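# Structure assessment
Residue-level listing of the chains:
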Amino acid sequence: MLGISVALHALAAIVWVGGMGFALYALRPAAFPLDGPIRLALWQRVFRRFFAWVWAAAILLPLTGYVMVWGQWGGLGGMPLHAHLMQGIGWIMIAIFLYLWFGPYRRFRAGLAAGDPPAAAAALERIRQTVTVNLALGLINAAIGASGRYWTV
């Protein structure tokens, strides 16, 4: 069970963090030259698909993480520093995603539904800013996860 949890945990993190990196550094620059309505429609389709994967990751990461906590260290009290840091950063990332989902992404969808491209574009910019923060946190968490067992604290 521990091996399966580790694998699922890593895959969920790769999908979420990798997807954010792809969206910011490959898709966004490629979509930028498109006309506003086409660009907004593209992002609407991208978000619909990608956020479904993020929801799955946001559920799977804590579940598999706590399986590892209990299976590897016997509970929260036995966790090393790097695992505590990963747990804290992970919950912050989930909170940021919930903010994004119920705030800027809701406004993005509402702007599109109301035929208000400027409102949708403003929400899209806020989504970009929010995803940038979460990508940075995700990369930090990945570095901690990869190196933490080697810390000599």
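Look up: the structure comes first, before these words.
Residues numbered from 1 in each chain as written. Predicted model: local features only at pLDDT ≥ 70, side-chain atom pairs only at ≥ 80, totals over all residues. Heavy atoms only, no water.

A word on the side chain of Thr130. On the secondary structure map, Thr130 appears in helix H5 (residues 117-147). When neighbours within four sequence positions are excluded, Thr130 is seen to be in contact with Ile96, Tyr99 and Leu100. (Helix = DSSP H or I, 4+ residues; strand = E, 2+ residues; numbered from the N terminus. Contact = heavy atoms within 4.5 Å.)

The next thing to look at is a nonpolar patch on the surface. A contiguous nonpolar surface patch, about 350 Å² in accessible area, is contributed by Met1, Leu2, Val6 and Val67. Along the chain, Met1 turns up in the segment before helix H1 (2-31). (Patch = residues over 30% accessible without salt bridge, like charges linked within 9 Å, V, L, I, M, F, W, Y side chains within 5 Å. Areas by Shrake-Rupley, 256 points an atom, 1.4 Å probe, with all protein chains shown as cover. Salt bridge = Lys/Arg side-chain N within 4 Å of Asp/Glu carboxyl O.)

Before going further, it helps to spend a moment on the pattern of salt bridges. Taken as a whole and judged by the stated rule, the model has 1 salt bridge. Close ionic contact of Glu125 with Arg128 constitutes a salt bridge, the shortest N to O distance being 2.5 Å. Of this pair, Glu125 and Arg128 both sit in helix H5, 3 residues apart, roughly one helical turn. By relative accessible area, Glu125 is classed as partly exposed at 32%. Look at Arg128 and you get partly exposed, because its relative accessible area is 25%. (Buried < 20%, exposed > 50% of the residue type's maximum accessible area, 1.4 Å probe, protein only.)

Among the nonpolar cores identified, the biggest contains 33 residues, and Trp16, Met20, Trp43, Phe47, Phe51 and Phe108 are the most heavily contacted of them. Residue assignment for this core shows that the elements contributing at least two residues are H1, helix H2 (36-73), helix H3 (81-102), helix H4 (104-113) and H5. Ignoring sequence-local partners within four residues, the contact set of Trp43 consists of Ala23, Leu27, Arg28, Ala31, Phe108 and Leu124. (Core = buried A, V, L, I, M, F, W, Y, C linked by side-chain atoms within 4.5 Å.)

What follows covers the packing of H1 against H2. In contact at an axis separation of 8 Å, H1 and H2 are set at 155° when each is read in the N-to-C sense. One element, H1, and the other, H2, form an angle in the roughly antiparallel class. When you trace H1 past H2, the crossing you get is left-handed. Partitioned by chemical class, the residues of the contact of H1 with H2 number 23 nonpolar, 7 polar and 2 charged. (Axes fitted to C-alpha atoms, helices over the stretch in contact; angles between N-to-C directions. Parallel < 35°, antiparallel > 145°, perpendicular 65-115°, else oblique. Left-handed = near helix turned anticlockwise from the far one by under 90°. Nonpolar A, V, L, I, M, F, W, Y, C, P; charged D, E, K, R; others polar.)

This part is about the packing of H3 against H4. Two numbers describe how H3 lies on H4: the axes approach to 3 Å, and their chain directions differ by 20°. On the basis of the axis angle, H3 is roughly parallel to H4. Along its contact with H3, which presents Tyr99, Leu100, Trp101 and Phe102, the element H4 presents Pro104, Tyr105, Arg106, Arg107 and Arg109. Of the residues contributing to the contact of H3 with H4, the split by class is 6 nonpolar, no polar and 3 charged.

Considering the arrangement of structural elements, one finds Asn141 in helix H5. Judged by its relative accessible area of 10%, Asn141 falls in the buried class. With residues up to four places along the chain from it excluded, the contact list for Asn141 reads Leu85, Met86, Ile89 and Gly90.

Right, let's talk about the packing of aromatic side chains for a bit. Within this structure, the stated rule accounts for 14 aromatic pairs. With a centroid separation of 5.7 Å and 70° between ring planes, the pair formed by Phe51 and Phe97 is classed as edge-to-face. Pair noted here: Phe51 is in helix H2 and Phe97 is in helix H3, with a separation of 46 residues, a long-range link. Using a relative accessible area of 4% as the deciding quantity, one classes Phe97 as buried. Taken together, a centroid distance of 5.1 Å and an interplanar angle of 45° make the contact between Trp101 and Tyr105 tilted. (Phe/Tyr/Trp six-rings, centres within 6.5 Å; stacked < 30°, edge-to-face > 60°.)

Here we take up H1. The first and last C-alpha atoms of H1 sit 41 Å apart over 30 residues, in line with the 44 Å expected at 1.5 Å per residue. Where H1 bends most, at Ala23, the angle is about 40°. (Expected span 1.5 Å × (residues − 1). Bend = angle between axes of the 7 residues up to and from the residue.)

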